[in-house]
Amino acid sequence: MNKVVSLIKDHELPPIMREIVGNAPKSRKIACFVASAAALSAMSSRVRLKYYYDTRQSALLVQVLIEGAQSSGKSFAADIESLIMDGTLKARDKAMRRLEQEYRDKRKRRKANEKLEEEPETTIRVVPPTISKTVLTKRADMYERVYGDTLTFWMFAEELAQVTDAGKNGYSNLRTIMRTAYDLGSQFGIDFASDNSYSAIVDINICSMFCATPSAIDDYFDKKAIEGGNITRTILCRLDETLGEDGAIFKPYTPEQRARIDAMLGKLMNETYNQDGSLQPTVTIDTKWLDKTVCQWVRAKAKEASLSGNRALDVFRKRSSVSAFRIAALCQYLYELEKGGRINTTCTDATIQKRVRQIYLFMAEYILDGMMDRWGKRFEELNTKRDQENKPGPKTILFDQLSETFNRAQLRSLIEQQGKTTPDKVFISQWKKMRVIEMIDNDTFKKVQK
């Protein structure tokens, strides 16, 4: 399991990914693969899978962070996001948002006491990272009201700083929601007494991709985010630039490539929605054949953590495997979808299994290495500090620390050293009543031998 595993060749990648990665320069291929995986996971909202170590079903939920210095060329992520989302989820949302705006306009123009029709029930999929908790809860609840099921939100930001700035307002701080949004079935709820607000307990699922500079990441992933688990749910993709290196040049898509991309995106939309706008049934991907590989990798990293005493490695390995597994399952889904038909049979294609296994092993190592390099040391420091703070102090008895004969000054000094707040005169009074000391003079005392 320690053998170095590389990502598979460009032409062996699943549809859409092979066009995106194939047109990327060498220095951006892995980043393009990860970025496309985030957006395509959001598109594949009806897919379900069973991870070996989980007791319940999972969904294709991934949260990606593209880290690079200023002017490092992070805009490629926006290009990929636009390529995948503009003609699909964003186009559908545009019609939904128009209905919402028309209703707001009617409400503004209505006359006094004029009755207005019911507010339209819209199902928005693409949400900004500055969205408030209330609006996000309402949009998630609308899925349940309209479809009786959940869908995946897509969240993208070219600057993580806007997420951090929005988070300074409590109503837009999404750190807790982003943790629950990583797992299908983890619910979030708000409950207000006001009629002007919105109350519900909902299953919020989010795929996200944020671009950021190193300093912006430091601001967002603070002590609470590191200890709370936000970092372990993140796939960090660092853009390393050589000093003086030219910018990365991407090839333009040919008409044939665009046609293949559009055709596959159309299939993904059809896998989510029926022609009448209702939801397609969920489809469960067969990944049992991958369980052995997953167990071997997770256990190998557990052994490495045990031998090295590295707690960060022990913690980070678990969700590194989960995120890698989800991307591998996404790739299997795309491979099988390309072959035609809905995915409802056991995966027996040896070529697909070989490629998906290699993708899992590569991504597991890649995600783990990214977390360890970025937050491993800080995570260890925070855990060490917490252990020291929570470590119980020595069970020393104040009376036993005093010499056979002692004075008030010695007692006060010992009280101060042990951080006690009880005055010395109280101790003296209690010990006299217990007859364990006797007075020599007003300031000097002697222990009574029994």
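Before reading on, note that the structure itself is shown above.
Description of the structure in this document. (Residues numbered from 1 in each chain as written. Predicted model: local features only at pLDDT ≥ 70, side-chain atom pairs only at ≥ 80, totals over all residues. Heavy atoms only, no water.)

1. A look at the pairing of strand 7 (residues 205-212)
Then comes step 1: Within strand 7, eight of the eight residues are buried, which leaves it mostly tucked inside the rest of the structure.
Then comes step 2: Because side chains alternate across strand 7, one face comprises the buried residues Asn205, Cys207, Met209 and Cys211, and the other comprises Ile206, Ser208, Phe210 and Ala212, equally buried.
Then comes step 3: The pairing of strand 3 (residues 63-67) with strand 7 spans five bridges and is parallel. Bridged to Leu65 within strand 7 is Phe210.
Then comes step 4: In the sheet, strand 4 (residues 152-157) pairs with strand 7 via six bridges, with the strands oriented parallel. If you follow Phe156 over to strand 7, its bridge partner there is Met209. (Buried < 20%, exposed > 50% of the residue type's maximum accessible area, 1.4 Å probe, protein only. Helix = DSSP H or I, 4+ residues; strand = E, 2+ residues; numbered from the N terminus. Pairing = 2+ DSSP bridges.)

2. Considering the sheet that holds strand 12 (residues 444-447)
Then comes step 1: Overall, antiparallel pairing links the three strands, which are arranged 10-12-11 in an open sheet. The sheet terminates laterally at strand 10 (405-407) and strand 11 (437-441), the two strands that pair on one side only. With direction set aside, neighbouring strand axes in the sheet form an average angle of 30 degrees.
Then comes step 2: Sheet topology places strand 10 next to strand 12; three bridges connect them, and they run antiparallel. In the strand pairing of strand 12, Asn407 is matched with Thr444. (Axes fitted to C-alpha atoms, helices over the stretch in contact; angles between N-to-C directions.)

3. Observations concerning helix 3 (residues 75-85)
Then comes step 1: Among the 11 residues that make up helix 3, eight are buried, leaving the element largely enclosed by the rest of the structure.
Then comes step 2: Turning to helix 3, its buried residues number three or more, namely Phe76, Ala77, Ala78, Ile80, Glu81, Leu83, Ile84 and Met85.

4. Regarding the pattern of salt bridges
Then comes step 1: Counted under the stated rule, the structure contains 23 salt bridges.
Then comes step 2: Residue Asp222 pairs with Arg175 through a salt bridge whose shortest N-O separation is 3.9 Å. Remark: Arg175 occurs in helix 7 (residues 175-180) and Asp222 occurs in the loop between helix 8 (214-220) and helix 9 (223-228); sequence separation between them is 47 residues.
Then comes step 3: Taking relative accessible area as the criterion, Arg175 reaches 15% and is therefore assigned buried.
Then comes step 4: The partner of Asp424 in a salt bridge is Arg408, with the nearest N and O atoms 3.4 Å apart. (Salt bridge = Lys/Arg side-chain N within 4 Å of Asp/Glu carboxyl O.)

5. A closer look at the sheet that holds strand 7
Then comes step 1: Taken together, four strands build an open sheet; the order of strands is 4-7-3-8 and the sheet is parallel. The two strands at the open ends of the sheet, each matched to only one other strand, are strand 4 and strand 8 (234-238). With direction set aside, neighbouring strand axes in the sheet form an average angle of 10 degrees.

6. What about the pairing of strand 11?
Then comes step 1: Sheet topology note: the strand 11/strand 12 ladder contains four bridges and is antiparallel. Residue pairing for strand 12: Asp441 is matched across the bridge by Thr444.
Then comes step 2: Linking strand 11 to strand 12, which pair antiparallel, is a turn of two residues.

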